[in-house]
Amino acid sequence: MFKKFSSEDVSSQNQVKASVQRKIRQSIADEYPGLEPVLDDLLPKKSPLIVVKCQNHLNLVMVNNVPLFFNVRDGPYMPTLRLLHQYPDIMKKLQVDRGAIKFVLSGANIMCPGLTSPGGALDDDALAETPVAIMAEGKKHALAIGFTKMSAKDIRAINKGIGVDNMHYLNDGLWKMERLE
Amino acid sequence: MAEKPQPVRVLYCPVCSLPAEYCEFGPDFEKCKPWLIENAPELYPDLLKDRNNKQVDKVSEQLQSVGISSGGGDVAATVIPSGGTSTSKQEEVKRLPGGKIKKKEKQEIIIEKIVRNKRKCVTVVKGLDLFGIKLSDASKKLGKKFATGASVVKGPTEKEQIDVQGDIAYDIMEFITETWPDVPETAIYFIEDGRKVAAA
Ligand SMILES: [Zn+2]
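Residues numbered from 1 in each chain as written. Chains lettered and ligands numbered in written order. Predicted model: local features only at pLDDT ≥ 70, side-chain atom pairs only at ≥ 80, totals over all residues. Heavy atoms only, no water.

(A) Representation of the sheet that holds strand S3 (residues 58–63) of chain A. With antiparallel pairing, the five strands of this open sheet are ordered in space as S1-S2-S3-S4-S5 (chain A). Every interior strand has two partners, whereas the edge strands, strand S1 (10–15) and strand S5 (78–79) of chain A, have only one. (Pairing = 2+ DSSP bridges. Helix = DSSP H or I, 4+ residues; strand = E, 2+ residues; numbered from the N terminus.)

Structure (structure tokens):
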């Protein structure tokens, strides 16, 4: 989604009304209860929350010029990788084997066998259609944010085709947009 | 508030921007190696072995003279002048760990207009950083001056550039030379129809 993303895909940047700001905060708090204690630091009530609208119905949530979350249409908010790296335990984790790393980092979606092979790992609680952190064999930090096409159990059982859509990965356009002025 | 989770500090590579453990999958692992040897040898034990083997031919000394920045957020490895040698910046030669010699980049600014979606266009400015200009700063100034969006992005060769929305290619030169008098007009080039044309 962010493969060729850059500031020119931005169509508008708006400070949202307090009511919308509250709604966004609430959705994020519901989706990531682990973030609740630090939510006031991440999205300070007093700092303006900017919603950046981009092409393809993509929105970024930004504070102080730093993109922190993104979503598509009204879909769930997902953290940027830089944010996830700071709070790695807020998402369920799926792990790809080492062989899959370079494909994930070129933007490919994540195939089931890369998750079920000996180097892979699955959190059995991960449901279908949810944001997850994509980890990698032998690495400490996440390399992508995914959106599951099927549950972890189905990934294991079906074991073919795309298991997780690759939403955002290291060195894609959103990664490179550390700040948006 | 004692149970507040502390943010994890990830070691990012200032060369390729990825977490250091992913440099090996990054755009140019070779370029990351000198920094990794100094700052994250435990992640790539083989690199250290390689270097120790080569120490005989003074590779380590070369590395020191390239000046490896001690981490932090800077994207480009800072070049620290070594031992009082006063080589001029343009002629500085980087020696890569493999012993290859790499010429230091020429100090020039490249301005290119890129047309997207027929009507939208972006003016790309590359090279301001080579004159010691802070890109985030420059980007702000450009955005303000031309009342448009400007942002620092990584270009296709992983170097940072400024993208300014709109066609401002011809006003920008004047602005650059006025704002940063250190930049000579002769160092500014436009890309026109794929050719590099001197602006002055
Ligand atoms: Zn690197």
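(B) View of the pairing of strand S2 (residues 49–54) of chain A. Residue and element names in this part refer to chain A. With five of six residues buried, S2 lies mostly within the body of the structure. Relative to S2, S1 runs antiparallel, the two being bridged by five bridges. Looking at S2, one finds that Ser-12 is bridged to Lys-53. Here S2 runs beside S3; their pairing, made up of six bridges, is antiparallel. Its bridge partner being in S3, Leu-49 is matched across the sheet by Val-63. Between S2 and the antiparallel strand that follows it, S3, lie three residues; Asn-56 among them carries a positive phi value of about 60°. (Buried < 20%, exposed > 50% of the residue type's maximum accessible area, 1.4 Å probe, protein only.)

(C) The arrangement of the coordination of the zinc ion in detail. Residue and element names in this part refer to chain B. Binding of the zinc ion to the protein goes through Cys-13 (SG), Cys-16 (SG), Cys-23 (SG) and Cys-32 (SG), at separations of 2.2 to 2.3 Å. Angles of 103 to 115° at the metal separate the four donor atoms of the zinc ion, which places the site in the tetrahedral class. For the zinc ion, the single-chain donor residues occur in sequence as C-x2-C-x6-C-x8-C. In this pair, the class of Cys-16 matches that of Cys-23, namely buried. (Donors = N, O, S within 2.8 Å, 3.2 Å for Na, K, Ca; no water. Tetrahedral: all angles 85-135°; square planar, octahedral: opposite > 155°, others 65-115°.)

(D) The pattern of salt bridges, seen in detail. Residues and elements named next belong to chain A. The full count for this structure, using the stated rule, is 12 salt bridges over all chains. With a closest N to O distance of 2.9 Å, Arg-156 and Asp-124 form a salt bridge. One end of the pair, Arg-156, is in helix H6 (residues 152–158); the other, Asp-124, is in the loop between helix H5 (112–116) and strand S8 (131–136), and 32 residues separate them in sequence. Accessibility expressed as a relative area gives 35% for Asp-124, which makes it partly exposed. A single network of salt bridges, built from pairs that share partners, joins Arg-25, Asp-40 and Lys-45. (Salt bridge = Lys/Arg side-chain N within 4 Å of Asp/Glu carboxyl O.)

(E) View of the interface of chain A and chain B. At the interface, 30 residues of chain A touch 29 residues of chain B. Across the interface of chain A and chain B, roughly 2,600 Å² is buried in total on both sides, 53% from carbon and sulfur atoms. When the buried surface of chain A facing chain B is broken down by residue, A:Glu8, A:Lys176 and A:Glu181 rank first, second and third, together holding 24% of it. Scanning the region where chain A abuts chain B turns up two salt bridges. For A:Lys139, the salt bridge goes to B:Glu24, with nearest N and O atoms at 2.4 Å. At the boundary of chain A and chain B, one finds 10 residue pairs in polar contact (both at pLDDT 80 or more). Contributions of two or more residues to the side of chain A that touches chain B are made by helix H3 (81–86), helix H4 (101–104) and helix H7 (173–176) of chain A. Each residue belonging to the side of chain A that touches chain B can be placed in one class, and the counts come to 12 nonpolar, nine polar and nine charged. (Contact = heavy atoms within 4.5 Å. Buried area = accessible area lost by both parts, 1.4 Å probe. Polar contact = N/O pair within 3.5 Å; in protein donor to acceptor, adjacent residues only side chain to side chain. Nonpolar A, V, L, I, M, F, W, Y, C, P; charged D, E, K, R; others polar.)

(F) Structural view of unusual backbone geometry. Residue and element names in this part refer to chain A. For Asn-64, which is not glycine, the phi dihedral falls at a positive 50°. If you trace the backbone, Asn-64 turns up in the loop between S3 and strand S4 (66–72). Within the chain, Arg-73 stands out as a residue other than glycine whose phi angle is a positive 50°. Along the chain, the position of Arg-73 falls in the loop between S4 and S5. For Arg-73, a relative accessible area of 52% translates into the label exposed.

(G) Focus on the sheet that holds strand S10 (residues 162–169) of chain A. Residue and element names in this part refer to chain A. Strand order in the open sheet made by the five strands is S6-S8-S9-S10-S7, with mixed pairing throughout. Both outer strands of the open sheet, strand S6 (93–96) and strand S7 (110–111), are each paired with one neighbouring strand and no more. In terms of strand pairing, S6 meets S8 through four bridges, oriented parallel. Counted as the bridge partner of Leu-94 is Ile-134 from S8.

(H) Quick look at the environment of B:Glu24. Among the structural elements, B:Glu24 can be located in the segment before helix H1 (29–39). On a C-alpha basis, the gap between B:Glu24 and B:Tyr44 in space is 9.0 Å, while along the polypeptide they are 20 residues apart. Ignoring anything within four residues of it in the chain, the contact list for B:Glu24 reads A:Arg98, A:Lys139, B:Phe29 and B:Tyr44. Engagement of the side chain of B:Glu24 in a polar contact is seen with the side chain of A:Arg98, the distance being 2.8 Å.

(I) Focus on the packing of aromatic side chains. One pass over the structure, following the stated rule, counts six aromatic pairs over all chains. Residues A:Phe2 and A:Phe70 carry aromatic rings whose centres are separated by 5.1 Å and whose planes lie at 90° to one another, so their mutual orientation is edge-to-face. Residue A:Phe2 is located in the segment before S1, and its partner A:Phe70 is located in strand S4; the two are separated by 68 residues in the primary sequence. Of the two residues, A:Phe2 and A:Phe70, neither departs from the other in class, the shared state being buried. Through a chain of ring-to-ring contacts, the aromatic side chains of A:Phe2, A:Phe5 and A:Phe70 assemble into a single cluster. Its end group placed over the ring of B:Tyr12, A:Arg82 keeps NZ or CZ at 5.9 Å from the ring centre. In this arrangement the basic side chain of A:Lys139 is found over the ring face of B:Tyr22, its NZ or CZ atom lying 5.7 Å from the centre. (Phe/Tyr/Trp six-rings, centres within 6.5 Å; stacked < 30°, edge-to-face > 60°. Lys NZ or Arg CZ within 6 Å of the ring centre and 35° of its normal.)

Honestly, it's all geometry; don't read function into it.
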